[in-house]
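Reading the structure
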Amino acid sequence: MIHSLFLINASGDIFLEKHWKSVVSRSVCDYFFEAQERASEAENVPPVISTPHHYLLSVYRHKIFFVAVIQTEVPPLFVIEFLHRVVDTFQDYFGVCSEVMIKDNVVVVYEVLEEMLDNGFPLATESNILKELIKPPTILRTVVNTITGSTNVGDQLPTGQLSVVPWRRTGVKYTNNEAYFDVIEEIDAIIDKSGSTITAEIQGVIDACVKLTGMPDLTLSFMNPRLLDDVSFHPCVRFKRWESERILSFIPPDGNFRLLSYHVSAQNLVAIPVYVKHNINFRDSSSLGRFEITVGPKQTMGKTVEGVMVTSQMPKGVLNMSLTPSQGTHIFDPVTKLLTWDVGKINPQKLPSLKGSMNLQAGTSKPDENPTINLQFKIQQLAISGLKVNRLDMYGEKYKPFKGIKYMTKAGKFQVRT
Amino acid sequence: MLSLPPVQKLLRPKSVVGSDVAKEVTSPVLATEAGPPTCYSALRADELRPLAAPKDEGAASTGQPPRHDDLKEMLDSNKDSLKLEAMKRIVAMIAWGKNASDLFPAVVKNVACKNIEVKKLVYVYLVRYAEEQQDLALLSISTFQRGLKDPNQLIRASALRVLSSIRVPIIVPIMMLAIKEAASDMSPYVRKTAAHAIPKLYSLDSDQKDQLIEVIEKLLADKTTLVAGSVVMAFEEVCPERIDLIHKNYRKLCNLLIDVEEWGQVVIINMLTRYARTQFLSPNQNESLLEESAEKAFYGSEEEDTKDAKAEAASLAKRKPYVMDPDHRLLLRNTKPLLQSRNAAVVMAVAQLYFHLAPKAEVGVIAKALVRLLRSHSEVQYVVLQNVATMSIKRRGMFEPYLKSFYIRSTDPTQIKILKLEVLTNLANETNISTILREFQTYIRSMDKDFVAATIQAIGRCATNIGKVRDTCLNGLVQLLSNRDELVVAESVVVIKKLLQMQPAQHSEIIKHMAKLTDNIQVPMARASILWLIGEYCEHVPKIAPDVLRKMAKSFTNEEDIVKLQVINLAAKLYLTNSKQSKLLTQYVLNLAKYDQNYDIRDRARFIRQLIVPTEKSGALNKYAKKLFLAQKPAPILESSFKDRDHFQLGSLSHLLNAKAVGYQELPDWPDEAPDPSVRNVEVPEWTKCTSREKRKDKVEKPFYSDSEGESGPTESADSEPESDSEESGSSSSSGTSSSSSEEEDEEEEEGGSEEQSEDKEGEEEEEEKRKKKKEKGGPRKASPRSVGSEEEEEAEGKKVKKAAGPQGKKGHAETSSEEASASESSSSGSDSGTEAPTVVEAKRRKVIPSSKAGPKEISLLDLDDFTPPPPQPVPSSSIISTSLVTDLEGLTLTDTSLAPALLSPAFGAVRTYELLHRMAGEGLSVEYCFSRRPFPGDPHMVAVQIQISNNTDAEVKSLRVSEPKLLAGMRIQEFPEIESLAPGDTASVVMGIDFCDSTQAANFQLCTHTRHFYVSIQPPVGELMAPVFMSENEFRKEQGKLTGMSEITEKLTLPEKCRSDHAIVQQVTSAANVGRVPCGADNEYRFAAKTVTSGSLVLITLEWREGAAAQLTVNSEKMVIGTMLVKDIIQALAQ
């Protein structure tokens, strides 16, 4: 299946290669570079490139291209999903997945990759298992290893591999037993010029951080499970139980994992927590344009909207902008034409606004389209769909764990057309 | 030791030995593709710095060997830490793509090192370089052979892994042996590794195929989830054509599927898709009307087919009814939960399986999951959108509800934008086109010009496909002609040209406008398009055309070739229609063209001159020149580039590239005749053998998450079994043995029965007859009450059965009785593959039924068909049952078992409709509702309310939905899916579910449109709060005995004149309440039974008709309130 993997950084250097079958020359990447050149931006590089003898499937994350070389028919999503899993694993191991990090830990990276695929077919992708096979590097462990001569590599088959719960390692022990669940909802919306909603939907996830001793069996129930329209689960969730009782019942992996992602049924109206008033004017034949936006809270259920960030891609004709924000800081990059305004908290008494003028290139006519405004924000302690966790119970173990639930609403792809 | 070598060392020239090594290294395998490895080296001495062991390797590039000396020394030392350090550096070199092959001898020595990390790294090295240094690699083999015998399974596995990964042809026999041995290893992990090794060996030496197939066959029989994925992968790589190997493992694979790791799931699902295509019949081949309407009824929300039920039945009778193979159903059912997987590849695999294998009506379920994937990374989106684009052509309806999910954001990458546009265009139809066009309008103003061009083309396609909006689109495009961006104008011109071809006469204005554009527009394709248009329709613009030609003649020499050709064309056409004005111009153009550089143009000029200019020599064609040039040309069809892409298996690389990829396995066409389904039967002995051998392990390895039905081979154990229970008993051999052998035929029939039963009388009878015959032959058979029920049933009924069936022991009977006796949609899958004794009874009983069966069956047929809003006059169920039949039925229940009541499909009285919103109050919107008396698909505890909304206004009503239900505690409401829009005069009918909690309290909610909210409420008559159940007379009596005293309500009444026939009484009662008739021995007594929907408490009704008009009504129910109200309602109904 997957023949080889090349990691390519933003400047086009191949900084890591790994082959699971016979060696494929790195010259195969030339096809990739060609495609990269044709695509103006990194994200426009086609994920699947066909070359005379190979197919190159790539994902772009953290400014690194992960290019897999394959030779025969294989479902493209299979490879793409796997590559994403590789990135996630790196992130899990090293905290961040960056070129520097990978280079610094090249041996661990190589060992991990070796375990993840056998002959190009995924072997162990569950991070709990991988971590038992190859321990993530920590400073302490490095020191201990050099003194005692022990290694980073486990010599026993991870128990998870054979058990009925392959995602959980055995022999987990904690002095403080805790389970935290974050219910995070993102609002995807397109708001049109007049402020009415064209499309809006809520996508949510429940991320968990479970540090519990032994083999706990958890159940999580919701006050209003009917809200959830479409769900996808971590493999640990018992599907039948959900089908019949709408209860999440699972033996959790150890550590961080995504328990559930869901989509709130489209029938429910989505509350839009903020509004943007905008007045962006390009005048024909004038080299000055007017720019004014105000952000205000709309349906926030009494919570504060924070972490507000406004970004907008200005048309090419804009040379510079002289703006004054009523709060926060703003930056306009004259090269990429990207305007960023870090607003911070919205104070309903005094709405944040950004006003000023734009310097336009003389002689060019006004652009067809006003720039779209992208919005980011956060609301703590609120799940905008109204989803509420009812209770969390643990079976199978005797101790009393500490349980915590946090709600948060964020902007997903939130766009305002102007 | 560890100190870095001085810089001078780096500069030292390459030694002779080193270069020799380097030459040796270039193995033939590498040479083709990789070139000499030394070519890597040139660059990057300093780039390596960030790596773990910087400077030494840096020098490896310039001249190799000297600085590797220290590495060699470290490798030779006794200290593990030094070795480890050295190996780490070497691996870093490999990762960087450097040549470290000259260290081979030094490294390979350490293959037996005690330190496990060193060992691992040595393995990494070996796998990388063994191919190049085959002789030396052989030194390590004995270590691996020893490793294969290690007690630690991880070491055994990794020894096999490395052994099979070093691509040295000499060791093929050793590998073969090792694989064979590992295939029967105790540890499933080692067996998994063996499965992985198979394709490796195969790629090394394809002559081993036959032997490898043997191993694959053996591993396919393995029952652990760990092995399943890997061995199917091996199967796909080595012998995908040996589909026969799958037969015996098919059911096992289906059942294990949910527990296999995600990657294995993908491979298995893809393989099973192919398998199913060869083994089963197409579920859509017959497109039988009945089937379709049944499906529809189940999914409820779709618009109803109001065709005559009788006609349908008749038409179906002629054809051979399609019966889905239970194995086919098994596959569909077991893959469905995987749509919920977090792994996009799995979701896609299931989606393609459904697309290729499922009956049309069921494919819809995948849409939601696919739309969910659109939230994922952009690469995933890219692949999913490609597949959605293909699907949306074939099955547009599936994605229509998710239209808005394909709206484009300015931040999407261009390639995603274009794919979304494609999907939007495919989804466009008369109802949604206005919203789509409005959306397109914003896209046209985007800064991304490629995207704008694509949008314009999309508008063109919408315009051609949907006649209604053609003019609107055309006007819009014409406006774009004055756009400032030339690309936009050019693209519009091209599209307008295609549109105009459809109705040229009406649009001479546009053509004139376009003629003016020739002055400004420079894009060749656009110019050519304009010229072609003017030429083609020169008769509509007689004044302008010659003028355009004049201008073009002037600039002829500066035009692009494609434009020149069109100029010649224009000239020729003008010459033919208007030779007076254009003769000279044409001559001039043709002369210019005659000396053009491009031979195409020269040729064209010559050819046209001969054709149109009459000379004495000119041939016979001259006369026809006009016909040739100005022939009526068919309008172009603007098609999606994704059309017909579905001949590639969806989700495959080949589909994505629209070209066959290496190793792509064609998706076979459905067979015309189904191959023998019995090949999938698994013999009993085999099972017992397996289980006895693996019994212990099975206990341990028993899949965790497949609940009950997942586990025990082909048998489906009862759905209703509590989970804990099933975990213990699931794979025990008993259930397997008792059912597996006999079950298949049985299953087949019963499956057939259950599917058809409610639909098709004829089919039923046939089935029955077959069954009888079989019985004669086979004598009493072992039991296996239906195991594989159709999915719909399961969903709808699963819960009810759980309730109804009660304690396990009874289940079998409940099952059979319900199935035999009647009109029900047959209760579901639950089955304890029973003990022998009751089975015999059952078999006997079966013999008795057939004669009596026709009656009740007929009823069910009618039932199913009249889901349509204006209900036809159904005959109330029991009125048909003749007394003799009733006694027959009675006979059936003489066995002394207590039968748990099973739910029946509702009997039908005339359906009464109620008004929810009057036309006046609703400002033109009128809403009616009725109780459809079918189980609500989403939740059996809900009463299904069919709502019919008609729009009497003259404006479109948009986004009709339910909101803000105000309910009493415990009541629940399942809204109907939002209706996007309702055209004026249209009527939509939807189903919503309400759980009234067995009370007659009204459910209040708001009905919203895009502009208004209406407060409405639905109050159920007490008779609608129940669903009929089937009971025998004995049972009825027994239950009635339990419900005496407080729970019994008796009332006397007089029956009016017209209500004194059996028929009338039954009809009145069944119309007043949703109850089922219970057979009764006495002539003048009528019994009915039902169960409340929410709590499932029994409601028993007895009506005794005494002399003349006097009668007595008795209702027994735990729920006294319901009982009292019901009595009132029934009396009222009868008194009418």
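Taking an unreviewed UniProt entry as the reference, chain B is identified by name as AP-3 complex subunit beta belonging to Gallus gallus. The UniProt entry for chain B carries the following text under Sequence similarities (unreviewed entry): "Belongs to the adaptor complexes large subunit family."

With an unreviewed UniProt entry as reference, chain A is termed AP-3 complex subunit mu-2, source organism Gallus gallus.

1. A word on the overall build of chain A
Counting its regular elements, chain A contains eight helices and 23 strands. A burial count over chain A gives 57% of its 418 residues as buried. Considering only intrachain contacts with a sequence separation of at least 6, the fraction spanning at least 24 residues in chain A is 69%. Just so you have it, chain A exposes about 16600 Å², and 51% of that area is on carbon and sulfur atoms.

2. Here's the deal with the overall build of chain B
If you tally the helices and strands in chain B, you get 49 helices and 16 strands. For chain B, buried positions account for 61% of its 1136 residues. Taking contacts inside chain B between residues at least 6 apart in sequence as the whole, the part at least 24 apart equals 70%. Total accessible area computed for chain B in this model is approximately 45200 Å², and 53% of it derives from carbon and sulfur atoms.

3. A look at the pattern of salt bridges
All names here are of chain B. Throughout the structure, instances matching the rule amount to 53 salt bridges over all chains. Across the salt bridge formed by Lys-149 and Glu-181, the nearest N and O atoms sit 3.4 Å from each other. One end of the pair, Lys-149, is in the loop between α9 (134–147) and α10 (153–165); the other, Glu-181, is in helix α11 (residues 172–183), and 32 residues separate them in sequence.

4. Focus: the packing of α11 of chain B against helix α12 (residues 188–204) of chain B
All names here are of chain B. For the pair α11 and α12, the least separation of the axes is 8 Å and the interaxial angle reads 155°. As judged from the angle between their axes, α11 and α12 are roughly antiparallel. For α11 against α12, the interelement crossing comes out left-handed. Each of Val-172, Met-175, Met-176, Ile-179, Ala-182 and Ala-183 in α11 lies in contact with α12, whose residues at this interface are Val-190, Arg-191, Ala-194, Ala-197, Ile-198, Leu-201 and Leu-204.

5. A few points about the packing of helix α25 (residues 433–444) of chain B against helix α26 (residues 449–465) of chain B
Residue and element names in this part refer to chain B. Their axes nearest at 9 Å, the elements α25 and α26 cross at an angle of 155°. Classed by the angle they form, the pair α25 and α26 counts as roughly antiparallel. As α25 runs across α26, the sense of the crossing is left-handed. Between α25, through Ile-433, Phe-440, Tyr-443 and Ile-444, and α26, the contact on the second element is made entirely by Phe-451, Val-452, Thr-455, Ala-458, Ile-459 and Cys-462. Taken together, the residues of the contact of α25 with α26 sort by class into nine nonpolar, one polar and no charged.

6. Here we look at the side chain of Arg-161 of chain B
Along the chain, Arg-161 of chain B falls in helix α10. By relative accessible area, Arg-161 of chain B is classed as buried at 11%. Arg-161 of chain B has contacts with Glu-114, Glu-115, Leu-117, Asp-118 and Leu-123 of chain A together with Thr-193 and Lys-200 of chain B, leaving out every residue within four places of it along the chain.

7. A look at the side chain of Asp-412 of chain B
Residues and elements named next belong to chain B. With respect to the secondary-structure elements, Asp-412 resides in the loop between α23 (396–399) and α24 (414–427). Within polar-contact distance, the side chain of Asp-412 engages the side chain of Lys-420 at 3.0 Å. Setting aside residues up to four positions removed in sequence, Asp-412 forms contacts with Lys-417 and Lys-420.

8. Points about the packing of aromatic side chains
If you walk through the whole model with that rule in mind, you get 26 aromatic pairs over all chains. Ring centres of Phe-648 of chain B and Tyr-664 of chain B lie 5.6 Å apart, and the angle between their planes is 70°; on these two criteria the pair is classed as edge-to-face. Here Tyr-664 of chain B lies in the loop between α36 (653–657) and α37 (684–701) and Phe-648 of chain B lies in the loop between α35 (621–629) and α36, a separation of 16 residues in the sequence. Here Phe-648 of chain B falls in the buried class, since its relative accessible area comes to 7%. Through pairs of rings, three or more aromatic residues link up here, namely Phe-32, Phe-33, Tyr-60 and Phe-65 of chain A. A cation over an aromatic ring shows up here: Lys-388 of chain A above the ring of Tyr-407 of chain A, its NZ or CZ 5.8 Å from the ring centre. A cation over a ring is seen here: Arg-395 of chain B above Phe-355 of chain B, with NZ or CZ 5.7 Å from the ring centre.

9. Here we look at the sheet that holds strand β6 (residues 972–974) of chain B
Residues and elements named next belong to chain B. If you trace the five strands from one edge of the open sheet to the other, you get β2-β3-β4-β8-β6, paired in antiparallel fashion. With one partner strand each, in any of the chains shown, β2 (913–917) and β6 form the two edges of the open sheet. Averaged over all adjacent pairs, the angle separating strand axes in this sheet is 30°, with direction ignored. The pairing of β2 with strand β3 (residues 925–935) spans four bridges and is classified as antiparallel. Residue pairing in the sheet places Glu-915 in a bridge with Glu-928 of β3.

10. Description of the sheet that holds strand β19 (residues 338–344) of chain A
Residues and elements named next belong to chain A. With respect to topology, nine strands assemble into an open sheet ordered β11-β13-β9-β8-β23-β21-β16-β19-β18, the strand pairing being mixed. Every interior strand has two partners, whereas the edge strands, β11 (228–233) and β18 (329–333), have only one. Strand-to-strand, the axes of this sheet are offset by a mean angle of 15°, without reference to chain direction. Summarising the sheet, strand β8 (residues 178–191) and strand β9 (residues 197–211) pair through 14 bridges and their orientation is antiparallel. Each bridged residue has a counterpart across the sheet, and for Glu-185 the counterpart in β9 is Gly-204.

What counts, and at which threshold
Residues numbered from 1 in each chain as written. Chains lettered and ligands numbered in written order. Predicted model: local features only at pLDDT ≥ 70, side-chain atom pairs only at ≥ 80, totals over all residues. Heavy atoms only, no water. UniProt positions renumbered as here; feature names shortened; annotations may be inferred. Helix = DSSP H or I, 4+ residues; strand = E, 2+ residues; numbered from the N terminus. Buried < 20%, exposed > 50% of the residue type's maximum accessible area, 1.4 Å probe, protein only. Contact = heavy atoms within 4.5 Å. Areas by Shrake-Rupley, 256 points an atom, 1.4 Å probe, with all protein chains shown as cover. Salt bridge = Lys/Arg side-chain N within 4 Å of Asp/Glu carboxyl O. Axes fitted to C-alpha atoms, helices over the stretch in contact; angles between N-to-C directions. Parallel < 35°, antiparallel > 145°, perpendicular 65-115°, else oblique. Left-handed = near helix turned anticlockwise from the far one by under 90°. Nonpolar A, V, L, I, M, F, W, Y, C, P; charged D, E, K, R; others polar. Polar contact = N/O pair within 3.5 Å; in protein donor to acceptor, adjacent residues only side chain to side chain. Phe/Tyr/Trp six-rings, centres within 6.5 Å; stacked < 30°, edge-to-face > 60°. Lys NZ or Arg CZ within 6 Å of the ring centre and 35° of its normal. Pairing = 2+ DSSP bridges.

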